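Examining the three-dimensional arrangement
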Amino acid sequence: MKVLRLISAVLGVVNALYSASDDVVELTQSNFASKVTKSDELWIVEFYAPWCGHCKTLAPEYKKLAKELKGTVNVGAVDMTQHQSVGAPFGIKGFPTIKIFGYNKQKPVDYNGQRTADAMGDEAFKQLRKLTKDKASGGKSSGGSGGSGNKGKTGKGSTILTDSNFRSKVIEGGDPWLVEFYAPWCGHCQRLEPEWKSAANTVAAETGGKVKLGHLDATQAQQIAGQYGIQGYPTIKIFYPDGRVEDYNGGRTADDIVAQAMILFEDVAEPPELFELTNKDALDKACTDAQVCIVAFLPHILDDQAAGRNDRLKLLRDMIETYKRKKWGWLWTTVASQPELEKQLGVSDYPSLIVVNPRKHLAVKMLQGFSKSGMEEFFRNIAYGKTGTAVSSFEEFAAIADVEAWDGKDGQLDVEEADDDLDDFDWGDDEEDDEYDQWGRKIEL
């Protein structure tokens, strides 16, 4: 038995999931009471076994949680293969088991929510607010006893911010942020909560995470709140990637917050791709989900050569960058490459540019010149719904031909080899000195 315990102890040390370099506090039989049960602070404690696959999967998120909550909420772990007596009073039967030790340390709260740093952090802040109320009321708070991990002040797109993670996420993260500074007891904050949560989910989906929403408990993260002069709750500030910080003074509905986020998205959104129309798949990618799609018909490569074509493509990409928020689709092709489409859209001169509304089956031809000023005027009118008179209609897109993509090189004329040897051709050199009369008869000299 002693040998088995010794082997278990050695394996436990070798396979321990957390080390001194992590922010996760190692809890043992000798320090659990002094650090956790006799403490008046909040603790999240994981009871684990080093050989447990689920515990190994959880470890990176748990370390992340500990780093983000450092200085605000204590995060610890107990290796149950080494310290079974620590978990025994709390009925630990499986691994990993996570419990939150709040006001009543003898009755910790089971955490049964998602095992991500964000979800666990959300519940930690919820229990921290409850602990504050319990201290004030002598443990008579009616706050939640949860562990769902899905309640509290956050949406999937809203990040918990603290003194320890604010700089790395917001200031140095390289993304635009909308940050709400709130207090748990604030009535206005509680009314804002469902709107903020809804907006956070929408913004995360619409921007692909390129614009972020976060929330910071100013009563806990007093250092950050003081740095930005927070004096009332809720206060919302805009943090730009270039270091600028502005107050948000707009509406407090989800739609208002999303609208502001989409303005921020304009500066960081990736422009849509400019597709060469080489097949039906390219047309579908550009136009299927687009409000409108733009098709440019460029001259033959022999007329433009590579330099001229690249100038025209650059002009198109500049327009894409300008109007990237519109989510338009963009295509280009060359003269005679898509004859059925040219016929359908009435293209007869090159370069030409056509704006197509796939849903309404309408097409508008640009009458201005194929230049920056011409395109700016044309697209400005399109953006405001001014289509002019060059409008045509169609039922479905014409057949799209499969053609080879441009190789980026200058055009070359095809020269066929002559069948005859030109050196043997009778050039009539020996008749240069002959003379002829007015009827073309040769005069004998």
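Residues numbered from 1 in each chain as written. Predicted model: local features only at pLDDT ≥ 70, side-chain atom pairs only at ≥ 80, totals over all residues. Heavy atoms only, no water.

Selection rule: UniProt positions are given in the numbering used here, feature names are shortened, and annotations may be inferred rather than shown by experiment.
Naming follows an unreviewed UniProt entry, where the protein chain appears as Protein disulfide-isomerase A6 of Oikopleura dioica. Turning to the protein chain, the UniProt record has this under Sequence similarities (unreviewed entry): "Belongs to the protein disulfide isomerase family."

Describing the overall build of the protein chain
Put simply, the rule is: By the criteria applied, helices consist of DSSP H or I runs no shorter than four residues and strands consist of E runs no shorter than two, each listed in order from the N terminus. Throughout this description, buried means an accessible area under 20% of the type-specific maximum (1.4 Å probe, protein chains only), exposed means over 50%, and partly exposed covers the range between. Note on contacts: a residue pair qualifies if any of its non-hydrogen atoms lie within 4.5 Å across the two residues. Only the protein chains shown count as cover for residues, and all accessible areas are computed by the Shrake-Rupley method using a 1.4 Å probe.
Within the protein chain one finds 13 helices and 18 strands. Put simply, the protein chain has 445 residues, and 43% of those count as buried. Residue pairs at least 24 apart in sequence account for 74% of intrachain contacts in the protein chain once pairs closer than 6 positions are excluded. Carbon and sulfur atoms make up 48% of the accessible area of the protein chain, which amounts to about 24900 Å² in all.

What to know about the pairing of strand β6 (residues 158–161)
The line we're drawing: A pair of strands is treated as paired once DSSP finds two or more bridges between them.
Side chains of β6 alternate between two faces, with Ser158 and Ile160 and Thr159 and Leu161 buried alike. Sheet topology note: the β6/strand β8 (residues 212–217) ladder contains four bridges and is parallel. Its bridge partner lying in β8, Ser158 is registered against Leu213.

A few points about the sheet that holds strand β5 (residues 109–110)
Counted only if it meets this: Note on geometry: axes are lines fitted to C-alpha atoms, helical ones only across the stretch in contact, with angles between N-to-C directions running from 0 to 180 degrees.
The five strands are arranged β1-β3-β2-β4-β5 in an open sheet whose pairing can be described as mixed. Strands with a single pairing partner mark the edges of an open sheet, and in this sheet they are β1 (25–27) and β5. Where strand β4 (residues 97–101) lies against β5, two bridges are found, and the strand directions are antiparallel. Counted as the bridge partner of Ile100 is Val109 from β5. Contacting β2 (43–48), β3 (74–79) and β4, helix α3 (residues 53–69) crosses the sheet at an angle of about 160 degrees to β2.

Details of the pairing of strand β15 (residues 362–365)
Pairing geometry for strand β14 (residues 352–357) and β15, over four bridges, is antiparallel. Its bridge partner being in β15, Asn357 is matched across the sheet by Leu362. Linkage of β14 to β15, two consecutive antiparallel strands, is achieved through a turn of four residues, within which His361 is found at a positive phi near 55 degrees. Both β15 and strand β16 (residues 391–393) contribute to a ladder of three bridges, which runs antiparallel. For Val364, the partnering residue across the bridge sits in β16 and is Val391.

A word on helix α13 (residues 372–383)
Spelled out, the test is: Under the convention used throughout, the expected extent of a helix is 1.5 Å for every residue step, that is, one less than its residue count. The directions considered for the arc run from the helix axis to the C-beta atoms.
Between its terminal C-alpha atoms α13 stretches 16 Å, which fits the 16 Å expected from 12 residues at 1.5 Å a residue. Buried residues of α13: Gly374, Met375, Phe378, Phe379 and Ile382, and no others. The buried residues of α13 occupy an angular sector of 115 degrees when the element is viewed end-on, so they sit on one face. Residues of α13 that are exposed and point over 90 degrees away from its buried face: Lys372 and Ser373. Buried residues along α13 sit in contact with β12 (293–298), α11 (301–322), β13 (329–334), β14 and β15. With its phi angle positive at about 80 degrees, Gly385 sits one or two positions after the end of α13.

Considerations on the state of the cysteines
Here is the rule: The rule for a disulfide is simple: a pair of cysteine sulfur atoms within 2.5 Å.
Under the definition given, this model contains one disulfide. In this model Cys287 forms its disulfide with Cys293; the gap between the sulfur atoms is 2.3 Å. Handedness here is read from the sign of the S-S torsion; for Cys287 and Cys293, about 105 degrees, the answer is right-handed. The two residues Cys287 and Cys293 agree in class, both being buried.

So, the environment of Thr28
For Thr28, the position within the fold is in the loop between β1 and α2 (32–37). Taking relative accessible area as the criterion, Thr28 reaches 13% and is therefore assigned buried. When the C-alpha positions of Thr28 and Asp79 are compared, they lie 7.7 Å apart, and in sequence the two are 51 residues distant. Setting aside residues up to four positions removed in sequence, Thr28 forms contacts with His83 and Val86.

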